[in-house]
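Coordinate analysis (summary)
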Amino acid sequence: MSFVSRGFKGRSRDKPRDARVPPGQYVVHDFPVLSAGPTPQPSLDTWTFSIEGEVDETKRWTWAEMRALPSETVTRDIHCVTKWSKLDTTWEGVSVDTLLAGVETAADYVMAFCDGGYTTNLPLEDLTGGKAWIAFAFDGEPLESQHGGPARLLVPHLYFWKSAKWVRGLRLMNEDSPGFWETYGYHMYGDPWLEQRYSGD
Ligand SMILES: Nc1nc2c(c(=O)[nH]1)N[C@H]1C(S)=C(S)[C@@H](COP(=O)(O)O)O[C@H]1N2
Ligand SMILES: [Mo]
C-alpha cells in the first residue's frame, strides 16, 4: 500500500466531458432500471451481509452493524453494457476495503450474490483499493428498491452489470467462475474503456 495515491484513473471530473464517455456509450440524464427478475423486498430485521468462501472465518454483518460502519460519499460515472452512461452519480456506502479489513484469504476472485439469486464475478483486486462500495444511498436518499435497495454493490469502473443490486454477500474464490450474465455470454471482466461487453471482446 502506497501512502501517496493518485486515485483510480485520475479525477474524472477534471476531464472534458467526452473523454469521460467510453467508446460506444451515450449519456443519459434519467436513471434506467435494468433487472433480470422481480424486485426483492428483504426485511432489514433479517438482512445480513456475508463474506464467505475461501476465508478463514465467515464474516457477517446485520443491517444495523453495516450502517454503523464508516461510510463514504462518492461521485462516479456509471456505464451500462446496453450503452447508456450516467455521469456524476452520487452514492453513499461502505468501502469494500472496510469489510475486508482483517479478512485472511488467498482467493483472487469474488462472486457477489444477491436476494433473488443474481450473481456476478469479479477479481478481488477490483473490489479493493477504494474502487468498490456497498452502497445504501443514491443522491442523498435511501437507495430505491428498484435500484438495488436496501444495498447494492457499486463498482463504477466496470460495466454496471457488475454492480449487483440487493447484494447480500461476497463469496471469495480461488478460480474465476461466471455469474448470471457471464454465463449468458457477457464478458468475464467488463472494462467499459476496452468495450469488453461479450466474451471474446
Ligand atoms: N441483483 C441484480 N443486480 C443487478 C441486475 C439484476 O438484474 N439483478 N442487473 C444488472 C445490470 S445488467 C445493470 S445495467 C444494473 C442496472 O442497475 P439500475 O437498475 O439501478 O440502473 O444492475 C445490475 N445489477
Ligand atoms: Mo446492464
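Above this text is the structure in question.
Below or above, wherever it landed, is the structure these notes cover.

About the thresholds
The residue numbering used here restarts from 1 in each chain and proceeds along that chain's sequence as written. Throughout, the order in which chains and ligands are written sets their labels, letters from A for the former and numbers from 1 for the latter. Totals for whole chains, interfaces and linings use every residue, but because this is a predicted model, local features are given only for residues with pLDDT of at least 70 and side-chain atom pairs only at 80 or more, for both listing and counting. Only heavy atoms go into the side-chain values, all of them from the structure, while hydrogens and water stay out. What counts as a salt bridge is simple: a side-chain nitrogen of Lys or Arg found within 4 Å of a carboxyl oxygen of Asp or Glu. Relative accessibility decides the category of a residue: with a 1.4 Å probe and only protein chains considered, values under 20% of the type maximum give buried, values over 50% give exposed, and everything between is partly exposed. By convention in this text, a residue qualifies as near a molecule or strand provided that one of its non-hydrogen atoms is within 4 Å of it. Contacts described as polar in this section are N or O atom pairs within 3.5 Å, which, within protein, must combine one atom able to donate a hydrogen with one able to accept it, while residues neighboring in sequence count only if both atoms come from side chains. Points on a 1 Å grid, built from protein atoms alone, make a cavity when a 1.4 Å probe fits but cannot get out and make a pocket when they are open with protein on both sides within 12 Å along at least 5 of 7 lines; residues with an atom within 4 Å of a point are the lining residues. Molecule-in-pocket calls rest on the fraction of atoms, with more than half required to lie within 2 Å of the cavity or pocket grid points. Amino acids outside the nonpolar list (Ala, Val, Leu, Ile, Met, Phe, Trp, Tyr, Cys, Pro) and the charged list (Asp, Glu, Lys, Arg) are all regarded as polar, and Gly is one of them. Grid points are joined across faces, edges and corners, and a volume is the space filled by probe spheres set on the points. Comment: elements are numbered from the N terminus, with helices defined as DSSP H or I runs of at least four residues and strands as E runs of at least two. Here, two residues are considered to be in contact whenever any of their heavy atoms come within 4.5 Å of each other. Two strands qualify as a pair provided that DSSP identifies no fewer than 2 bridges between them. To get an axis, a line is fitted to the C-alpha atoms, and for a helix only the part in contact is used. The angle between two axes follows their N-to-C directions and goes from 0 to 180 degrees.

**Digging into the pattern of salt bridges**
- Here the structure, examined in full by the defined rule, presents five salt bridges.
- Glu195 serves as the salt-bridge partner of Arg197, at 2.9 Å between the closest nitrogen and oxygen.
- A relative accessible area of 28% places Glu195 in the partly exposed class.
- Bridged by salt links that share partners, the residues Arg20, Asp77 and Asp88 form one connected network.

**Quick notes on the site of ligand 1**
- Taken together, 20 residues lie near ligand 1, and Pro32, Ala36, His147, Arg152 and Lys165 sit nearest.
- Between ligand 1 and Lys165 there is a distance of 2.6 Å, counted from an oxygen atom to a side-chain nitrogen or oxygen.
- Most atoms of ligand 1, that is more than half of them, are within 2 Å of grid points of the second largest pocket.
- Here the shell around ligand 1 is composed, by residue class, of 14 nonpolar, four polar and two charged.

**Considering the layout of surface pockets**
- Estimated volume of the second largest pocket: approximately 470 Å³.
- Here the residues of the lining of the second largest pocket are counted per class, giving 16 nonpolar, seven polar and three charged.

**Focus on the side chain of Gln25**
- Within the secondary structure, Gln25 is located in the segment before strand 1 (26-27).
- Relative accessible area serves as the criterion here: at 10%, Gln25 is assigned to the buried category.
- Among the polar contacts made by the side chain of Gln25, one reaches the main-chain carbonyl oxygen of Trp84 at a distance of 3.1 Å.
- If near-sequence neighbours (up to four positions away) are discounted, Gln25 is found in contact with His79, Cys80, Lys83, Trp84, Ser85, Tyr159 and Arg197.

**Comments concerning the sheet that holds strand 3 (residues 59-62)**
- Reading across the sheet, the five strands line up as 3-2-11-6-7 and stay open at both edges, with mixed pairing between neighbours. Of all the strands in the sheet, just strand 3 and strand 7 (119-123) have a single pairing partner and so form its edges. Adjacent strand axes in the sheet meet at a mean angle of 15° when their direction is disregarded.
- Across six bridges, strand 6 (residues 109-114) lies against strand 11 (residues 167-173) in antiparallel orientation. When the bridges of strand 11 are listed, Phe113 appears paired with Gly169.

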